[in-house]
Amino acid sequence: MKVDLLIKDAFVFQTVQRKFSKKQVYIHNGKIYRVSTNQIAELAAYQIIQAENQYLIPGLIDIHMHIESSMIPPETFSEWALMYGVTTVVADAHEIANVFGLDGIKNFFNVDTKLDIFQVIPSSVPSTRPDLETTGGLIGVAEVAEMLKWSKVICLGEAMDFRGISYEPDSLIQQIIRHCQENRITMPLEGHIPKIYDQELADFLASGITSDHTHQFPNHLLEKIEAGLFIQFQKKSITPENMKVMMNENLAEFACLITDDVMADDLLKGHLDGNVRLAISCGLSPEVAIYMATYTPARRMSLNDRGMIAPGKQADLVLLNNVETFEINTVFKKGIKIEKAKNKSDNKRSFPAEYYQSVHGRKLTREDFDIRVFSDASSVLVRAITKEVLGTFTDIEEVEFPVKEGKVKLDLNRYCYLYVQERYGKTDNLARSLIKQPLSKKGAIATTWAHDHHNLMMMGNDPLSIQKAHERIHQLQGGYVVVQEGQVVAECPLPLAGILSQEPLEVLGQQLQQVRHAMQQLGYENANEIMSFSTLSLPVSPAYKVTDKGLMDTKRQTFLPLFIDEGAKK
């Protein structure tokens, strides 16, 4: 017999034993045909790759990620992900769904890609409830029932509504969970469970949810795993402390590595491969890191035709020059060598016309940005958000400001205005709030890439700069804009649904990098400036965020008045 390809004398990853052994791997019709210690005389090959001193591992599998976080459509993402050894993803398209609902998901995935893209049912559109945030789309039980018929849908996406899941049996998310359990009993139910432990964790898990991908901490890892959770480590949770727990307690079976969100400029440098390298540098052995990026995610999603190098499995493979540094030599998808991603600017796929005109809402005036007090008080006590320099968690403080001519007079060297304007033309809500010390220079930042509702969020210490940023976002029909001293200094247009670009990744990545740099120049401080700012509006992330409806205590899902003083109101 003659097979398509023989990869000869590679150190092949043995999944069961988590070690490497020199083997011969025969590939035919896109699948692994035979793995043997010695070359088999009766098996000839049309092509032979001599892989001596190289390491052969299964293709990487990312089971929790959002393609929209890279701000590009699936066809562009596919080319880049494959180049980094990622051969399968499970994509939660709740970003486009929050803008255009089920129609958005259909249009987004209406394309063939070399990368295997499995889909989830977005469970959080909106992430909480329509009375807490306004979205362009809604995924309810009817939409879930339709998606359950799709062949590429393999799990329920991250369920986020803590109160609805834990304490409201008739909530929409509980109805969605029950419908999935009744109609696809083996389907994984994915969870979003930040800083929830003890009895609250038990209340949450009673719903049947069995995974968590949020920020993990070493003192609670074992508790969560013993409670039955499959842990998905994104970058911010891949720390030496967490990896030490994983190795010491031998927990690799109960976890995997994921990306969740990779920004466009970061995608130019890597994807899940970068998190594998990080995990190794933080103390996981290379063998365990590879196991948690190939086999355990495949098993979690019942992708039984991949995730290990064995007969009958899909020939999704990565040749490494060095296993310690995870240096990639060659990637194979179904036995075919993957070429480098190309910088394409032509043949852009067409979406419906309304997808390019999705940012609505009235033009705001200078006066719209004032915070007014309707009382005779000479000062007022208000609530202000405080943010961290690592991660996306926030807190709140109480601060007193003087009142002059009915307007709150901020200390603009220490506080900024933070606004969210509804952008779908449904309500024209404009929520006003404050945030402590995010900028050290005079300017503003605005975006429609505001998790997860993607309304128009603006922040700044100069109302004229905020107004300029607001105007420019409308002209671009979405994106990121940074203004300093009233002048636009960086922008990243996202005209497709207000969250995506169809420019080549090199162009988009450079634009986003310029935005990131401009934010840094204004004094915005965080390990990931883009994600930090964009999640200031995410009402399922601890602990205080702002939607178009107002300032929210996200755990209790209640709105807090900006003013603490009775009788003072906006």
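Let us look at the structure shown here. (Residues numbered from 1 in each chain as written. Predicted model: local features only at pLDDT ≥ 70, side-chain atom pairs only at ≥ 80, totals over all residues. Heavy atoms only, no water.)

### Let's talk about the overall build of the protein
Our working definition: Labels follow the DSSP assignment, with helices taken as runs of H or I lasting at least four residues and strands as runs of E lasting at least two, numbered in each case from the N terminus. We compute the radius of gyration from the C-alpha atoms alone; for a globule the expected value is 2.2 Å times N to the 0.38, where N is the number of residues. Per-residue accessibility, obtained with a 1.4 Å probe over protein chains only, is compared with the maximum for each type, and a residue is labelled buried under 20%, exposed over 50%, and partly exposed between these values. Residues count as neighbours in contact if any of their non-hydrogen atoms are within 4.5 Å of one another. All accessible areas in this document rest on Shrake-Rupley with a 1.4 Å probe, and a residue is counted as covered only by the protein chains that are shown. The charge count treats Lys and Arg as positive and Asp and Glu as negative. His and the chain ends do not count. Just so you know, the charge point we use is NZ for Lys, CZ for Arg, CG for Asp and CD for Glu.
Regarding its fold elements, the protein presents 14 helices and 28 strands. Relative to the compact-globule value of 25 Å for 570 residues, the protein shows a C-alpha radius of gyration of 25 Å, a close match. By its C-alpha atoms, the protein is 95 × 50 × 45 Å across when sized along the principal axes. Within the protein, buried positions represent 61% of all 570 residues. Relative to all contacts within the protein whose residues are 6 or more apart in sequence, the contacts with residues 24 or more apart total 68%. Only carbon and sulfur atoms are counted for the fraction: they give 46% of the accessible area of the protein, which is about 21,700 Å². In the protein, 60 side chains carry a positive charge and 71 a negative one; their mean positions are 3 Å apart.

### Details of the packing of helix H7 (residues 218-226) against helix H8 (residues 240-248)
The description of two helices packed together rests on the angle between their axes and the distance between the axes. The following threshold applies: Orientation is described by axes fitted as lines to C-alpha atoms, over the contacting stretch for helices, and by angles from 0 to 180 degrees between their N-to-C directions. The labels follow the angle: roughly parallel below 35 degrees, roughly antiparallel above 145, roughly perpendicular from 65 to 115, and oblique for the rest. Crossing handedness is defined as follows: a turn of the near helix away from the far one that is anticlockwise and smaller than a right angle gives a left-handed crossing, while the clockwise case is right-handed. Amino acid classes used here: Ala, Val, Leu, Ile, Met, Phe, Trp, Tyr, Cys and Pro are nonpolar; Asp, Glu, Lys and Arg are charged; the rest, including Gly, are polar.
Close contact between H7 and H8 brings their axes to 9 Å; oriented N to C, the two are set at 40°. As far as their axial angle goes, H8 and H7 are oblique. Here H7 runs over H8; the crossing is right-handed. Across from Pro218, Leu221 and Ile225 in H7, the residues of H8 making contact are Glu241, Asn242, Val245 and Met246. Tallied by class, residues from the contact of H7 with H8 come to five nonpolar, one polar and one charged.

### Describing the sheet that holds strand S28 (residues 558-560)
This is how the line gets drawn: Whether two strands pair depends on DSSP finding at least two bridges between them.
Spatially, S26-S27-S28 is the arrangement adopted by the three strands of the open sheet, whose pairing is antiparallel. Here the strands that pair on one side only, and so sit at the sheet edges, are strand S26 (544-547) and S28. Between one strand axis and the next, the sheet turns through 45° on average, direction left out of account. Relative to S28, strand S27 (residues 550-553) is paired through three bridges, and the arrangement is antiparallel. Residue pairing for S28: Met552 is matched across the bridge by Phe559.

### Focus: helix H6 (residues 198-205)
Put simply, the test is: It is the directions from the helix axis to the C-beta atoms whose arc is reported.
Turning to H6, its buried residues are Leu201, Phe204 and Leu205. Mapping the buried residues of H6 onto a view down its axis gives an arc of 90°, with all of them on the same face. In this structure, the buried residues of H6 make contact with strand S9 (153-159), helix H4 (162-167) and H7.

### Digging into the packing of helix H10 (residues 272-281) against helix H11 (residues 286-300)
Contact geometry for H10 and H11: axes closest at 9 Å, N-to-C directions at 145°. Crossing of H10 over H11 shows right-handed handedness. For the pair H10 and H11, contact is made by Leu272, Val276, Ala279 and Ile280 and by Pro286, Ala289 and Ala293, respectively. In the contact of H10 with H11, the residues fall into seven nonpolar, no polar and no charged.

### Digging into the pattern of salt bridges
Which entries qualify depends on this criterion: By definition, a salt bridge exists where a carboxyl oxygen of Asp or Glu is found within 4 Å of a side-chain nitrogen of Lys or Arg.
Under the criterion given, the structure shown has 25 salt bridges. A salt bridge links Glu253 to Arg18, with the shortest nitrogen-to-oxygen separation between them at 3.2 Å. In this pair, Glu253 is assigned in the loop between H8 and strand S13 (255-257) and Arg18 in the loop between strand S1 (2-14) and strand S2 (19-28), connecting sequence segments 235 residues apart. By relative accessible area, Glu253 is classed as partly exposed at 26%.

### A look at the pairing of strand S7 (residues 86-91)
Stated formally: With its strands directed away from the observer, a crossover is right-handed exactly when the path from the first strand over the helix to the second travels clockwise.
Counting buried residues in S7 gives six out of six residues, a clear majority hidden from the surface. Both strand S6 (residues 60-65) and S7 contribute to a ladder of four bridges, which runs parallel. From the neighbouring strand, Leu60 faces S7, where its bridge partner is Val86. Each parallel crossover has a hand, and the one from S6 via helix H1 (residues 74-83) to S7 is right-handed. Handedness of the β-α-β unit built from S7, helix H2 (residues 94-108) and strand S8 (residues 116-121) comes out right-handed.

### What to know about the environment of Asp316
Where we set the bar: Identification of polar contacts relies on pairs of N or O atoms within 3.5 Å, with a donor-acceptor requirement for protein atoms, meaning one able to donate a hydrogen and the other able to accept it, and with residues adjacent in sequence counted only if both atoms are side-chain atoms.
Topologically, Asp316 is positioned in the loop between H11 and strand S14 (317-322). Assessed through its relative accessible area of 4%, Asp316 is described here as buried. Sequence separation between Asp316 and Gly85 is 231 residues, and the spatial gap between their C-alpha atoms is 8.8 Å. Setting aside chain neighbours within four positions, we find Asp316 in contact with Ile57, Pro58, Gly59, Thr87, Thr88, Asp116, Arg306, Phe332, Lys333 and Lys334. There is a polar contact of 3.0 Å between the side chain of Asp316 and the backbone nitrogen of Lys334.

### Thoughts on the nonpolar core
Here is the rule: To form a nonpolar core, buried Ala, Val, Leu, Ile, Met, Phe, Trp, Tyr and Cys residues must be joined to one another through side-chain atoms within 4.5 Å.
Membership of the largest hydrophobic core comes to 135 residues, with the highest contact counts inside it found for Phe233, Met246, Ile445 and Phe533. Residues Phe369, Ile371, Met458 and Phe563 belong to the second largest nonpolar core, which totals 29 residues.

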